[in-house]
Amino acid sequence: MNEGWWGVNNHIKALRAHHNLTQAELAERLDVSRQTVNALETGRYDPSLPLAFKLARLFGQRIEEIFNDDGVLE
Amino acid sequence: MYPRGKPALPSREQRVLKIIWAVIALTLFAALVGVIAAVIRSRSQGSDQDFLSGFLVGVFGVMPFGIALFLYAAYRQMDEFSQQLQEKACTFAFVMTMLAASAGFVIASGFKVALPLWSLYLLGMAAYAAAVIRGSLAARGGRE
């Protein structure tokens, strides 16, 4: 699990590996750059809601199953 | 589960790169027009009556707007992370340029030294480039 700057964790890297996708392939499906996928996976960037929904749809999961703030933002 | 193969449309990165190449070509063309206009003006002893000289100066003056339009198109094609990176870099460059301009005013009035205007341009572009490079490197070296 990768932790972002504001305490938001995500499972994108694990999900990508589970679906046997490269960073470039995931970037292509999300219509973003590979740099963005890398920044998301390493927790350097928290996506906008539209991009988070896109990710959730692509992996067939709910947003809160991919992203988790562990109550930090409450 | 996920079909592999070539996408039907060029990727976002390719679209941005295409516009950036157009910006580079236009910038080089603008520089060429500027040089030609300067040579013609120097040969005609700076006469504003020369049609070609005046025409080229006019074209040269309009080109920055074309370049700005292309740059905006490139920005619109970028994804949200790249747009944020550009916004941060532009903000940093703006602040640095304003600080330099303020310092320049003080130096010019206090020490009677006139700083060349191009130094502000150079500083702004350098600050912008440094911020883009720093942001790109930081994105690559994220925490695991």
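Everything numeric in this text was worked out from a predicted model, so none of it was measured.

Conventions we followed
Residues numbered from 1 in each chain as written. Chains lettered and ligands numbered in written order. Predicted model: local features only at pLDDT ≥ 70, side-chain atom pairs only at ≥ 80, totals over all residues. Heavy atoms only, no water. Domains from an automatic or database assignment. Contact = heavy atoms within 4.5 Å. Buried area = accessible area lost by both parts, 1.4 Å probe. Salt bridge = Lys/Arg side-chain N within 4 Å of Asp/Glu carboxyl O. Helix = DSSP H or I, 4+ residues; strand = E, 2+ residues; numbered from the N terminus.

So, about the domain arrangement of chain B. Residue and element names in this part refer to chain B. Partitioning chain B into domains gives domain 1 (10-78) and domain 2 (79-144). The gap between the C-alpha centroids of domain 1 and domain 2 is 23 Å. Counting from both sides, the interface comprises five residues of domain 1 and, opposite them, six residues of domain 2. Together, the buried faces of domain 1 and domain 2 total about 430 Å²; carbon and sulfur atoms form 59% of this surface. Of all residues in domain 1, R12, Y75 and M78 bury the most surface against domain 2, accounting for 97% of the area lost on that side. Seen at the junction of domain 1 and domain 2, the total is zero salt bridges.

For residues that are not glycine, phi is negative in most cases, and the peptide bond is trans in most cases. Positive phi is not limited to glycine here, since D31(A) has a value of about 60°. One can find D31(A) in the loop between helix 2 (23-30) and helix 3 (34-41). Here K112(B), not a glycine, exhibits a phi torsion of approximately 55°, which is positive. Tracing the chain through its elements places K112(B) in the loop between helix 3 (80-111) and helix 4 (117-140).

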